[in-house]
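Notes for the structure review
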Amino acid sequence: MTIKFGTSGWRGIIADDFTTYNAKCVAQAISDYVVEQGQSKEGLIVGYDPRFMGESFARDIAGVLSANNINVLFSVEAVPTPAIAFAIISGKSAGAINLTASHNPYNYNGIKYSPKWGGPALPETTKWIEEHANEIVDSGKFKEITEDEAKSKGLWTDIDLKADYIKDLNEKIDFDTIKKWGKKVAYDPIFATGIGYLDKILIDNGTDVVMIHDKFDPYFGGGGPDPSGEKLVELAKIVEGDNDIALGLATDGDADRFGVLDFDGRFIEPNYIIALLLDYLIRVKGFEGGVARSVATTHLVDAVAKYHGVKCYETPVGFKYIGEYIAEGKIVGGGEESAGFSIKGHVPEKDGILASLLLLEMVARENKSIVEQLRDLYSRVGTFMTSRVNLKLTKDLDNAFPEKMKLNPKGFAGIAIKDKITIDGTKFILDDGSWILFRKSGTEPVVRIYVEASSEVKLKKIIDSGKEFILGA
Ligand code: G16
């Protein structure tokens, strides 16, 4: 099968499987879906990130949509995924196609399709599109017209998605508190779509921003635009070296993921940020509702929910599932350990810009570092340490993985197994509340091991025993 939709859309290596031909076949399949839904007039937004040839792929895709009489709203510039999601839920279109491989390295591109509800397409939709796209790859039957023809037929309009999205965020965040607090922020958009969004919002609202990597670069400075601790070393040096900077912020290729450094440059794992933000929303901002997290995300979220007497929903990996709860208004917010977060009343899609701003508001309002706030949270709900290990998906590991997942180990690091959850990968809950989850990534060629325990020592022991289980004979 050439086209395969994973955790969030179809991703491939440019000029290998991500070719113009295959992208047009996927566009034809999405067109067929949109026509079948009777949404041609409402049309689709077409966006892209600053990857090599991204805009050109986007124009090709728009040509296919137009040939199928679907109205195209074509973004005038590289654009964050959450800004596209905001335009959809504001009624601008019946969905969007976004050309992005998100945090994946520069040699990848991808197609994220979001239908009318504004979140990433759910499996029943992507399965339909995937099947049709592969048939079209074989038959070569897709339609296309040129941009000029589409424009002359009134089927293609250029659109600027920035102003409305920024206006909405300006209303959602308490900038008065941030301004009064008066500290500086450092921001690394990693050469990608966050540029001109998070920095602009902060500056317009009176916060000084020190910026790096603030011009589009299709190589993202080398590697991938992933706001992880390893990628944010330069930002960390800046934050550490300037006493006036109280926070380091970063966003990924399509600005739906966030990365956070505390005042001293220390990278804070997204798991902790998610739990702190959810606690803040309920305790300080008075939001009402449950919370949601993916199966791979910290149970600190459950502890926050328990503390506040609200429900915690556990979902498979993929923000689409959390997005559904947000769209239904059931939760105050939800998050994923991969740095995904959104809140009630906002887009049902992860938003790294919103998460960054909300975190800044929290730090300003509490006037405490993130580590201090985490300590406070631990003292109220208990201590949770989390970690994630990525194992390269070799042929051997790929073959052995399904068999390994059928085994019933006695325990990990000498701790017995209490429960097994299989909504996505295999998660073993251990007797003392620690847990370990094994799953194949749907965006990268890796097997992920996620572990959580109440101390660093225990965490390390469980990781080692998990590695031995998966890699051992
Ligand atoms: C995508 C999805 C997320 C998911 C993440 C990791 O993020 O949108 O919901 O948590 O991948 O998935 P996996 O563990 O299967 O690689 P993004 O930012 O790449 O779109």
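So, here is what we can say about the structure in this document. (Residues numbered from 1 in each chain as written. Predicted model: local features only at pLDDT ≥ 70, side-chain atom pairs only at ≥ 80, totals over all residues. Heavy atoms only, no water.)

**Describing the nonpolar core**
Ranked by internal contacts, the top residues of the largest apolar core, which has 92 residues, are Leu 300, Phe 341, Ile 353, Leu 357, Leu 359, Ile 370 and Phe 438. Counting residues in each nonpolar core, the second largest holds 40 residues, with Val 26, Ile 30, Val 34 and Val 64 among its members. (Core = buried A, V, L, I, M, F, W, Y, C linked by side-chain atoms within 4.5 Å. Buried < 20%, exposed > 50% of the residue type's maximum accessible area, 1.4 Å probe, protein only.)

**Quick look at the site of the ligand**
Contacts to the ligand come from 21 residues, most closely from Thr 7, Glu 336, Ser 441, Gly 442 and Thr 443. One of the side-chain N or O atoms of Thr 7 is found 2.5 Å from an oxygen atom in the ligand. Taking Asp 256, its side chain carries an N or O atom lying 3.5 Å from an oxygen atom of the ligand. Relative to its unbound accessible area of 460 Å², the ligand is 100% covered by the protein chains. Residue composition of the shell around the ligand, grouped by class: three nonpolar, nine polar and nine charged. (Near = heavy atom within 4 Å. Polar contact = N/O pair within 3.5 Å; in protein donor to acceptor, adjacent residues only side chain to side chain. Areas by Shrake-Rupley, 256 points an atom, 1.4 Å probe, with all protein chains shown as cover. Nonpolar A, V, L, I, M, F, W, Y, C, P; charged D, E, K, R; others polar.)

**Concerning the side chain of Lys 320**
Tracing the backbone shows Lys 320 in helix H12 (residues 319-327). No salt bridge is formed by the buried Lys 320; its nearest oppositely charged neighbour, Asp 424, is found at 8.0 Å. Apart from the residues within four sequence positions on either side, Lys 320 is in contact with Gly 6, Thr 7, Trp 117, Pro 120, Ala 121, Leu 122 and Pro 123. (Helix = DSSP H or I, 4+ residues; strand = E, 2+ residues; numbered from the N terminus. Lys, Arg positive; Asp, Glu negative; His and termini not counted. Salt bridge = Lys/Arg side-chain N within 4 Å of Asp/Glu carboxyl O. Contact = heavy atoms within 4.5 Å.)

**Points about the sheet that holds strand E6 (residues 108-114)**
As summarised here, the arrangement of the seven strands in space is E1-E2-E6-E5-E3-E4-E7, forming an open sheet in which the pairing is mixed. The sheet is open, and its two borders are formed by strand E1 (5-6) and strand E7 (156-159), each paired with just one other strand. (Pairing = 2+ DSSP bridges.)

**Some thoughts on unusual backbone geometry**
Negative phi is the rule for most residues except glycine; trans is the rule for most peptide bonds. Although it is not a glycine, Ala 339 sits at a positive phi angle of roughly 80°. Of note, Ala 339 is situated in the loop between strand E15 (331-336) and strand E16 (340-343). One non-glycine residue, Asn 367, adopts positive backbone phi at about 50°. Within the fold, Asn 367 resides in the loop between helix H13 (352-366) and helix H14 (370-381). Since its relative accessible area comes to 52%, Asn 367 is described here as exposed.

**As for the pattern of salt bridges**
Applying the stated criterion across every chain yields a total of 39 salt bridges. For Lys 184, the salt bridge goes to Asp 242, with nearest N and O atoms at 3.0 Å. Remark: Asp 242 occurs in the loop between helix H9 (233-241) and strand E10 (245-251) and Lys 184 occurs in strand E8 (residues 184-188); sequence separation between them is 58 residues. Accessibility expressed as a relative area gives 21% for Lys 184, which makes it partly exposed. A salt bridge links Asp 464 to Lys 460; the shortest N-O distance between them is 3.0 Å. Separated by four residues within a single helix, Asp 464 and Lys 460 lie in helix H16 (residues 456-471), roughly one turn from each other. Several salt bridges share partner residues, and in doing so they unite Glu 55, Arg 59, Glu 147, Lys 151 and Asp 158 into one network.

**A closer look at H13**
Between the first and last C-alpha of H13 there are 21 Å, a value that for 15 residues agrees with the 21 Å anticipated at 1.5 Å per step. Among the 15 residues in H13, 13 count as buried, and that is most of the element. The N-cap of H13, judged by a side-chain oxygen 2.9 Å from the amide nitrogen of Ile 353 a few residues on, is Asp 351. Where H13 terminates, the next one or two residues include Asn 367, which has phi positive at roughly 50°. (Expected span 1.5 Å × (residues − 1).)

**A look at the pairing of E16**
Of the two faces of E16, both are covered, the one formed by Gly 340 and Ser 342 as well as the one formed by Phe 341 and Ile 343. In the sheet, E15 pairs with E16 via four bridges, with the strands oriented antiparallel. Its bridge partner lying in E16, Gly 334 is registered against Ser 342. Turn length for the E15-E16 hairpin, with the two strands adjacent in sequence and antiparallel, is three residues, and the turn residue Ala 339 shows positive phi of about 80°.

**Things to note about the environment of Tyr 187**
Tracing the backbone shows Tyr 187 in strand E8. Accessibility expressed as a relative area gives 0% for Tyr 187, which makes it buried. Each C-alpha atom, one on Tyr 187 and one on Leu 471, is 39 Å from the other, the two residues being 284 residues apart in sequence. Apart from residues lying up to four places away in sequence, Tyr 187 is in contact with Gly 194, Ile 195, Leu 198, Asp 199, Val 209, Val 210, Met 211, Ile 212, Leu 235, Leu 249, Ala 250 and Thr 251. For Tyr 187, the side chain forms a polar contact with the main-chain oxygen of Gly 194, separated by 3.5 Å.

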